[in-house]
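Structural features, examined
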Amino acid sequence: MRKPFIAGNWKLNLLTEPAMNLAGELKNRLRGVDQVEIAVAPVFTALSAVSKVLAGSNLGLSAQDLYWEDAGAFTGEVGPAMLKDVGCKYVIIGHSERRQFFHETDESVNKKVKASLKSGLIPICCVGELLPEREAGKTLSVIERQVKGALAGISKAEVPPLVIAYEPVWAIGTGKVATPEQAQEVHQFIRKQLALIYDPTLADSIRIQYGGSVKPDNIKDLMKMPDLDGALVGGASLKAETFVGIIKAIG
Ligand code: 13P
């Protein structure tokens with residue numbers, strides 16, 4: 001009942017032309033795949049061009065961040081209305097790279113999740129612990145703080161489109177994937193938190209992606225876990241071969 005959802009986070013990569021080429025190749029090779037929901041997240045400057053390439057396809061467009069206002073004196077920011085204007089359906093929020101390098105906090109993540117839900121963009125809200133936090137046995141308390149922080153003040157009626165991505169920071173770009181059991185423990189915990197904040201039925205309907213060194217050869221075992229509903233893919237989403245391989249492995 002939860003449709004698997006695979007999204008490619010292109011991060012700070014690909015100029016407009018290579019981004020359009022990759023999108024075009026994915027569109028062709030993934031034509032007709034309807035058992036998996038698929039999205040790609042190019043940089044802001046390529047969104048408009050990639051949107052045109054993906055028009056009419058089964059691939060959705062995602063931004064990698066947003067600001068919580070639609071307009072005003074906020075130099076350098078991009079708001080929900082602008083993302084919708086270029087054809088975005090999703091937006092990644094609170095990625096660990098934004099938390100680590102760009103001062104993203106639980107409060108700003110919360111404002112962004114609220115703004116995206118209000119505008120009709122589907123938020124892919126990222127949570128995940130650092131290696132020292134895992135080693136200190138603090139994984140679940142960090143995740144609890146991040147989940148509660150992201151969802152503060154968001155009602156049961158507003159939350160259903162939300163997607164959560166569990167990305168253990170030590171697994172991102174390191175080739176060190178979490179074991180299916182390590183991922184499942186946290187995914188189950190996140191679902192329990194959702195059940196406590198909202199209710200078990202709603203918690204059961206929300207998709208929780210895993211992210212961190214996902215590849216065509218490890219996705220299948222991860223997807224066997226009952227609370228794992230897809231993946232947020234970094235490096236392996238930059239090549240059609242590997243991104244398609246991940247989707248075909250489960251589709
Ligand atoms: P990698 O797949 O490169 O480890 O990145 C994961 C990620 O950060 C996706 O958002």
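Structure shown above.
Residues numbered from 1 in each chain as written. Predicted model: local features only at pLDDT ≥ 70, side-chain atom pairs only at ≥ 80, totals over all residues. Heavy atoms only, no water.

**Structural notes on the site of the ligand**
Close to the ligand lie 13 residues, the nearest being Lys11, His95, Gly173, Ser213 and Gly235. Separating an oxygen atom of the ligand from a side-chain N or O atom of Glu167 is a distance of 2.9 Å. In this structure, an oxygen atom belonging to the ligand sits 2.9 Å away from a main-chain N or O atom of Gly234. Taken atom by atom, the bulk of the ligand overlaps the second largest pocket. Looking at the shell around the ligand residue by residue, the class counts come to 4 nonpolar, 7 polar and 2 charged. (Near = heavy atom within 4 Å. Polar contact = N/O pair within 3.5 Å; in protein donor to acceptor, adjacent residues only side chain to side chain. 1 Å grid on protein atoms, 1.4 Å probe; cavity = no way out; pocket = protein on both sides within 12 Å on 5 of 7 lines; lining within 4 Å. Sits in = over half its atoms within 2 Å of the grid points. Nonpolar A, V, L, I, M, F, W, Y, C, P; charged D, E, K, R; others polar.)

**Overview of the environment of Gly24**
Position of Gly24 among the secondary structure elements: in helix 1 (residues 16-29). On a C-alpha basis, the gap between Gly24 and Ala240 in space is 9.6 Å, while along the polypeptide they are 216 residues apart. (Helix = DSSP H or I, 4+ residues; strand = E, 2+ residues; numbered from the N terminus.)

**Quick notes on the packing of aromatic side chains**
Tallied over the entire structure, the rule returns 5 aromatic pairs. A ring pair is formed by Phe101 and Phe102, whose centres lie 6.4 Å apart and whose planes are at 90°; its orientation type is edge-to-face. Pairwise contacts between aromatic rings join Tyr67, Trp68 and Phe74 into one cluster. (Phe/Tyr/Trp six-rings, centres within 6.5 Å; stacked < 30°, edge-to-face > 60°.)

**Some words on the pairing of strand 3 (residues 59-63)**
Of all 5 residues in strand 3, 5 are buried, a share of seventy percent or more. Between strand 2 (residues 37-41) and its parallel partner strand 3, the chain crosses via helix 2 (residues 44-54), and the hand of that crossover is right-handed. Pairing of strand 3 with strand 4 (residues 90-93), which is carried by 2 bridges, proceeds in the parallel orientation. When the bridges of strand 4 are listed, Ala63 appears paired with Val91. Handedness of the crossover is the feature at issue here: the chain leaves strand 3, passes through helix 3 (residues 80-85), returns alongside strand 4, and the resulting connection is right-handed. (Buried < 20%, exposed > 50% of the residue type's maximum accessible area, 1.4 Å probe, protein only. Right-handed = clockwise from strand over helix to strand, strands pointing away. Pairing = 2+ DSSP bridges.)

**What about the layout of surface pockets?**
Put simply, the largest pocket is a space of about 430 Å³. Forming the boundary of the largest pocket are 18 residues, of which Leu12, Gln64, Asp65, Arg98 and Phe102 lie nearest the centre. Per-element accounting of the lining of the largest pocket gives the leading share, 3 residues, to helix 4 (residues 96-101). Tallied by class, residues from the lining of the largest pocket come to 9 nonpolar, 4 polar and 5 charged. Taken as a whole, the second largest pocket holds about 170 Å³ of empty space. (Points joined across faces, edges and corners; volume = space filled by probe spheres on them.)

**Some details on helix 1**
With 14 residues, helix 1 should cover 20 Å at 1.5 Å per step; its first-to-last C-alpha distance of 20 Å lies within 8% of that length. Along its buried surface, helix 1 packs onto strand 2, helix 2, strand 3 and helix 11 (240-250). (Expected span 1.5 Å × (residues − 1). Contact = heavy atoms within 4.5 Å.)

**Describing the state of the cysteines**
If you walk through the whole model with that rule in mind, you get 0 disulfides. Here Cys126 stays unpaired: no disulfide links it, and the sulfur of Cys125, its closest cysteine neighbor, is 6.7 Å away. Judged by relative accessible area, Cys126 falls into the buried class, the value being 2%. (Disulfide = S-S within 2.5 Å.)

Remember, this is a structural readout, not a statement about activity or role.
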